[in-house]
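# Observations on chain architecture
Below, each chain spelled out in residue letters.
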Amino acid sequence: MKVPMKWLKEYAEINLSAEEYASRMVMAGNGVEGIDNTGSLFDNVVVGHVLSCEDIEGTHLHLCKVDAGQEEPLQVVCGAPNVHEGAWVCVALDGAHLPGGVKIKKGKLRGHVSEGMLCSGPELDVPAGLYPHCGEEGIILLKEEYKPGTDVKEVFHLGDDVIDFEVLANRPDCLSVWGLARESAAVLDSHCVMPEIAVQETEGIGRFEDYARIAVEDDELCPRYCARVIKNVKIGPSPMWMREYLYGAGVRPINNIVDITNFVMLETGHPMHAFDLSRVRDHTIVVRRAHENEPLTTLDGKEYTLTPDMLVISDAERATGLAGIMGGEESEIVEGTTDVLFECAAFDRTNNRLTSRALGIRTESSGRFEKGVCVRTTMEALERACMLVNMLECGDVVPGAFDHYPNPQNPQVIDAEVDRINRRISCSLSGGEMADILERLGFEVEVSGNELSCTVPEWRMDFESDADISEEVLRLYGYDRIPSTLMTGVTMAGRRSERQTLLDAVKNSLIGMGFYEALNFSFISPKWIAALNLPEDDPRTRFISIRNPLGEDTSVMRTTLVPSMLNTLALNINRGNAEGRLFEAAPVFAEGKTETTPATEKLSLCLGLYGEKADFYALRDVVLCLLGAFGVKASVSAGGDGYYHPGRRAVLAADGVEIARVGEIHPDIAEAFDIEGRVYLAEIDLWKLPELARPVPEVQPLPRFPAVTRDIALVMDEAVEVGPVMDLIARAGGKLIEDVRLFDIYRDIKLGPNRKSVAFALSFRAADRTLTDAEISAAMEKILTACANEFGAALRS
């Protein structure tokens, strides 16, 4: 926000140069982006009085004698059509610098010496709003008489320093001259005097209710709405002092009424709007939500289509303005306006921001409402505007006002502890010193021992807790006054979380078995899930869509790691890698069961295997080995998802809980993922692993006595699964059996229809003796009997 120093000094006592002042403000936490001077674009330009003006024959030029305060009148050649004898003009003397890098030098034109130049408005970069002129059609003709030689910067009220403040989002009070004046006085510990607002109402012209009717239909989006009526308005230029301030603040002066609303916005921080009452249908103002597809043409002539979540100001028939953003074209102030309604309101900051963004409109007004305006000072700003109407004598203020304020805000009181504040800011201030600092900022403070009771000033809306009190005390006390101390702290031993510990153990185990970790995005294409041919009621088909995806290929959160692993395997196969052993440990996502938990995630592990030595049994053993590292003894049974080969898939369970699935990918699914050849996948629910984990048995000493091995071949039905048979052999063998391994499956018609021979290698050992043949034979007999009874298996002859 740009603010002329002269304007600030009307309210705050500032006895510093612009550079020193900016430095003090920066040290108190107020950003300053730069310092400009309104008269820095030109120099050596003075007031001149044209003593004579003669035409130069055969040209459009004029030979002028000009009194510019020098010892002798200057001779100046000028081509402006509006120059004449007796005119008061702006004279650029020899050596003057003008905007655009132009330098004036004494020279000759058409044989006549010219000792300077008479300047137009564009040549001095002086806008017509600041000082009326005819633009490029001629030179500036000053309307008042001045002493020749007077610097024209004094005429145009230029030469003041303008501070460009960087106002942060949490300090909307500093988006005003009054707010910055209060802040300046607090920082400099000087006086700040606000103007006394007094409005002179004109009697005998009725009351507000006789001229306008107002209805506020949405108190949530418009917590306060104030209005006044001005009669017998005289539209004209604003006085020079107002134009000077507006120009310095970067606002183009237009006319007295519009300039008053802009002046009040800059001065108080409250955006205002002026309606031409004669152009407001039925003299009715309604604050409401827009209708669906309601059209509106704003002041800049652009047409917009509105939605019901946008707040508008309407008349009796249709919308005439966007609340807090921009007025409508229909009710704008024009040259013939005589009756005006001033509006000053507080609109919801969030709704204002969303509307502004949706329509692509950004204005000074919307920027202030987005950061928040003070509801409690709304009427004060409106009264200030009416006071300016009195000062400029540009209309009659109608008695009475409209003030819709259904839910008045009470003063905010924050309690704080002196000791707590000192600990926060690392200083040692007394309660009285803190109270002095806060009172400079406009707080009302009561000190009671270690307690501070702070009533927040109405214009400060950024306070929530005693932490904010601490911040204010420190920044006014001075960041540079914080005492230097050695860094202190308590060393705490770090540790890894349960999730990290689990993942480390899993990864270390798999890496030890020759696997490499793969990393993929958590968002995939829904086509990848569809390619698995899952049943319609499978929860993995109900994925969570991303609101703003990068594309269709990354539009949903993955519900399984299988598609990602298949794509990774396909990439490696198609790049010519002959074999691969990959794993990925990552969360998968599912729909939540309640509104408070719209999504859930669980940790999953997927293994991928392909190559010459890869088969179903190799991957199954890897999974069993991994589970064994956590003390989990899993049983293997046939089963699994449809994307596995029906004859080469299995489900692993422990304590009746399914924990893993392993198998060869179905050829049709492999083809859908552009995979040629056999690939094998395993899926493990890592989130179940900690629950099923058991302590790993203690390491046993190396056996002192030899093992005895026996091979047996059992003939059984084709439908009998080998895994349960191995489990039964281990149980039947008792304590003597040490290991059971499958080493052959043989099929032949001689065994009988639908029969197979399964060969096992058995290892027996006792820890305290060498086993005898009788002990081995007894154990073998128990095993054969158990297999015969349970599975109908017979020893192959």
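Just so it is clear, the model here is predicted, and its values are computed rather than measured. (Residues numbered from 1 in each chain as written. Predicted model: local features only at pLDDT ≥ 70, side-chain atom pairs only at ≥ 80, totals over all residues. Heavy atoms only, no water.)

## A short note on the domain arrangement of the chain
How big an interface is tends to be reported as the loss of accessible area on association of its parts. Domain boundaries assigned for the chain yield domain 1 (2-38 + 161-188), domain 2 (43-156), domain 3 (208-404), domain 4 (413-481), domain 5 (498-692) and domain 6 (708-795). Each of domain 2 and domain 3 has a C-alpha centre, and the two are 41 Å apart. Counting residues at the interface gives eight residues for domain 2 and five residues for domain 3. Here domain 2 packs against domain 3, burying approximately 510 Å² in sum over the two surfaces, 67% of which is carbon and sulfur. Interface area lost by domain 2 to domain 3 is led by Pro127, Gly129 and Leu130, which between them contribute 71%. Across the contact surface, domain 2 and domain 3 share zero salt bridges. At the boundary of domain 2 with domain 3, the tally comes to one residue pair in polar contact (both at pLDDT 80 or more). Of the residues contributing to the side of domain 2 that touches domain 3, the split by class is six nonpolar, one polar and one charged. (Domains from an automatic or database assignment. Contact = heavy atoms within 4.5 Å. Buried area = accessible area lost by both parts, 1.4 Å probe. Salt bridge = Lys/Arg side-chain N within 4 Å of Asp/Glu carboxyl O. Polar contact = N/O pair within 3.5 Å; in protein donor to acceptor, adjacent residues only side chain to side chain. Nonpolar A, V, L, I, M, F, W, Y, C, P; charged D, E, K, R; others polar.)

## What about the sheet that holds strand E38 (residues 737-746)?
If you trace the four strands from one edge of the open sheet to the other, you get E38-E39-E37-E40, paired in antiparallel fashion. Each having just a single partner strand, E38 and strand E40 (794-795) make up the two edges of the open sheet. In the sheet, strand E37 (residues 708-717) pairs with strand E39 (residues 755-764) via 10 bridges, with the strands oriented antiparallel. The partner of Ala713 across the bridge, within E39, is Ala759. Against the sheet, helix H21 (residues 773-791) engages E37, E38, E39 and E40, with an angle of about 15° to E37. (Pairing = 2+ DSSP bridges. Helix = DSSP H or I, 4+ residues; strand = E, 2+ residues; numbered from the N terminus. Axes fitted to C-alpha atoms, helices over the stretch in contact; angles between N-to-C directions.)

## Remarks on the packing of aromatic side chains
According to the stated counting rule, one finds 14 aromatic pairs in the structure shown. Note on Phe347 and Phe369: the rings are 5.2 Å apart at their centroids and 55° apart in plane angle, and the pair reads as tilted. Of the two residues, Phe347 sits in the loop between strand E21 (340-346) and helix H8 (349-359) while Phe369 sits in helix H9 (residues 364-371), which places them 22 residues apart along the sequence. What links up through ring pairs into an aromatic cluster is the set Trp7, Trp241, Tyr245 and Phe263. (Phe/Tyr/Trp six-rings, centres within 6.5 Å; stacked < 30°, edge-to-face > 60°.)

## With respect to the packing of helix H7 (residues 256-268) against helix H10 (residues 378-392)
Across the interface, H7 lies against H10 with an axial gap of 10 Å and an inter-helix angle of 135°. Judged by the inter-axis angle, H7 sits oblique to H10. Of the two elements, H7 crosses H10, and the hand of that crossing is right-handed. Contact residues: H7 offers Asn256, Ile260, Phe263, Val264, Glu267 and Thr268, while H10 offers Ala381, Arg384, Ala385, Leu388, Val389 and Leu392. Taken together, the residues of the contact of H7 with H10 break down into eight nonpolar, two polar and two charged. (Parallel < 35°, antiparallel > 145°, perpendicular 65-115°, else oblique. Left-handed = near helix turned anticlockwise from the far one by under 90°.)

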